[in-house]
Amino acid sequence: MARWAECRPDVAALGARYIRALCAHAPMLDDEEFLLGISNHPELPRRRRWLESLMGLYEGAWRPVRHAEQIEQMLNNALQRGEAQSARLEAIRPVASVYLSPDAAAFLAGEAVGQQIPVADVLARYGVPADTGLARAVANTAIRVWVAQLCKYIALSSKARALFEYGLSDLANSLAIDPGLLAEAIGRVIAWVPEDDEKAVVFVRDWLLNHQRFGDPRLPANQPKWAVMAAGPRERMIRWLAKGDLLFFFDFVMPRGRNPHGRKEFWLQYIDLVEDSAVALSPTDIARLRLSVTETLRYAKAESASGEVSAFIMRFGGKSKFVVAEFSQTGNAAYIHDAERFDALAGGMRARRYYVATTPKGLKSQTAMITKYSHIDGWQIRVHDELRHLGLRRRPLR
């Protein structure tokens, strides 16, 4: 910088090696005299290293850059002369007018989404480092473009499904995406997914559960992550999880999928009203399911005298918040508990262990109980009336 201070504003007086060093020095993007001097230097169109260094500074800062238009015009003019040669410059040259413009991020994002390839592949095509401002802008723009295109589809056709899976697999995992923008985009995806497309629902649900920026919204540790998302998508995700817990319990935990009392169909009518849910497995069911299920299961442990009884627990919020506990083995009445007392005695919905017992801390506690019911003829009507009395109004079965 001392040499430049002596020669300012005569860039040509610096010598080629010193000019090359300045072209890689970030503060020079703000130096109007240097930019004017290097723009007029007759050697610029022939000097590959000068051009690539200036290009790197431009991409690193990208926008906002104080002299962006001047830099873009300078680089574009030099590239169009075609004298400096390198694989990187040759890739950029045919598209220089858009690459060196405010539309660069949209152009590169359009290539990625249009071809359904990772943003990293497009950046590599033009030699853009992943830690640059331009790369971050492309990642953020791509997620916007993807969601906008996806939401144009009314139904999940084969094209829509391919676009849907591409976005979640290849775009939305980028840590370069602004957290608020990602939450907004994924919120739109959650709202868009057809409720009756079980495969799509499971795909999004599992992606969210495994993503470090989201996870299970019911867990206290993850609630701050979900706080940036609108309430509607967050509540829908919780309903998906509750439905997954319900189906897992009645289809896999219940012996041979038996459902003699119609409990599965009954609770599916209320699944949209569930605020939280949990499955607690007996030692016998844990051992059985480990032999037959390959995916990671999320469950608590259920302890009972026989070691055979598992439980499905749902939390509702009506006029009065309450918790329902259903059991896997016949001969067990279901219990409706006051939510506040249940939290204090049984450990709430995130307990690691539940006790199938009538003790104060048990799932059959008389202390926390509002009522209980046996699954005999007409039980659905009686329970429906009790739930309505507690302020819960049934929604249509989906």
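Above this note sits the structure.
The shown structure was predicted, so the numbers you read here are calculated from the model rather than taken from an experiment.

The rules behind these values
Residues numbered from 1 in each chain as written. Predicted model: local features only at pLDDT ≥ 70, side-chain atom pairs only at ≥ 80, totals over all residues. Heavy atoms only, no water. Pairing = 2+ DSSP bridges. Helix = DSSP H or I, 4+ residues; strand = E, 2+ residues; numbered from the N terminus. Axes fitted to C-alpha atoms, helices over the stretch in contact; angles between N-to-C directions. Contact = heavy atoms within 4.5 Å. 1 Å grid on protein atoms, 1.4 Å probe; cavity = no way out; pocket = protein on both sides within 12 Å on 5 of 7 lines; lining within 4 Å. Points joined across faces, edges and corners; volume = space filled by probe spheres on them. Nonpolar A, V, L, I, M, F, W, Y, C, P; charged D, E, K, R; others polar. Expected span 1.5 Å × (residues − 1). Salt bridge = Lys/Arg side-chain N within 4 Å of Asp/Glu carboxyl O. Buried < 20%, exposed > 50% of the residue type's maximum accessible area, 1.4 Å probe, protein only.

### A closer look at the sheet that holds strand β4 (residues 321-327)
Here is step 1 of the chain: Strand order in the open sheet formed by 7 strands is β6-β2-β1-β3-β4-β5-β7, with mixed pairing between adjacent strands. A single partner strand is all that each edge strand has here, and the edge strands are β6 (353-355) and β7 (369-373). Pairwise comparison of adjacent strand axes, ignoring direction, gives a mean angle of 25° for this sheet.
Here is step 2 of the chain: Strand direction decides the pairing type here: strand β3 (residues 311-317) and β4, joined by 7 bridges, are antiparallel. Bridge pairing in β4 links G317 to K321.
Here is step 3 of the chain: The strands touched by helix α15 (residues 231-253) are β1 (274-281), β3 and β4; relative to β1, the strand with the most contacts, the crossing angle is about 30°.
Here is step 4 of the chain: Taken strand by strand, helix α17 (residues 283-292) contacts β1 and β2 (300-303), and its axis lies near 85° from that of β1.

### A look at empty space enclosed by the protein
Here is step 1 of the chain: All chains considered together, the criterion is met by 1 cavity of 30 Å³ or more.
Here is step 2 of the chain: Quantified by volume, the largest cavity comes out at close to 50 Å³.
Here is step 3 of the chain: Lining the largest cavity are E195, E198, V201, R205, W240, K243 and G244.
Here is step 4 of the chain: When the residues that make up the lining of the largest cavity are grouped by side-chain class, the tally is 2 nonpolar, 1 polar and 4 charged.

### Side note on the layout of surface pockets
Gaps left between atoms show up when a probe the size of a water molecule is rolled over them.
Here is step 1 of the chain: Approximately 370 Å³ is the volume attributed to the second largest pocket.
Here is step 2 of the chain: In terms of lining, the second largest pocket is formed by 19 residues, of which the most central are I238, V274, E275, D276 and R315.
Here is step 3 of the chain: Of all the secondary-structure elements, those providing two or more residues to the lining of the second largest pocket are α15, β1 and β3.
Here is step 4 of the chain: The residue makeup of the lining of the second largest pocket, split by class, is 6 nonpolar, 2 polar and 11 charged.

### Thoughts on helix α5 (residues 68-81)
Here is step 1 of the chain: For α5, built from 14 residues, the straight-helix expectation of 20 Å at 1.5 Å per residue is met to within 8% by its first-to-last C-alpha distance of 20 Å.
Here is step 2 of the chain: Here the buried face of α5 lies against α3 (32-39), α4 (48-61), α6 (87-92) and α7 (96-99).
Here is step 3 of the chain: Following α5 by one or two positions, G82 adopts a phi angle in the positive range, close to 70°.

### A closer look at the pattern of salt bridges
When their charged atoms lie close together, side chains carrying opposite charge are able to pair.
Here is step 1 of the chain: A complete count under the given rule lists 28 salt bridges for this structure.
Here is step 2 of the chain: Of the charged contacts in the structure, one is a salt bridge between R63 and E72, with a shortest N-O distance of 2.3 Å.
Here is step 3 of the chain: You can call R63 partly exposed: its relative accessible area is 27%.
Here is step 4 of the chain: A residue is classified by how much of its surface remains accessible, and E72, at 6% relative accessible area, is buried.
Here is step 5 of the chain: The shortest N-O distance in the salt bridge between R388 and D385 comes to 3.4 Å. Note that R388 and D385 are positioned in helix α19 (residues 379-389) at a spacing of 3 residues, about one turn of the helix.
Here is step 6 of the chain: With relative accessibility at 36%, the residue D385 sits in the partly exposed group.
Here is step 7 of the chain: What emerges from the salt-bridge pattern is a single network uniting E43, R46, R47, R81 and E83.

Don't take any of this as a statement about function, it's just geometry.
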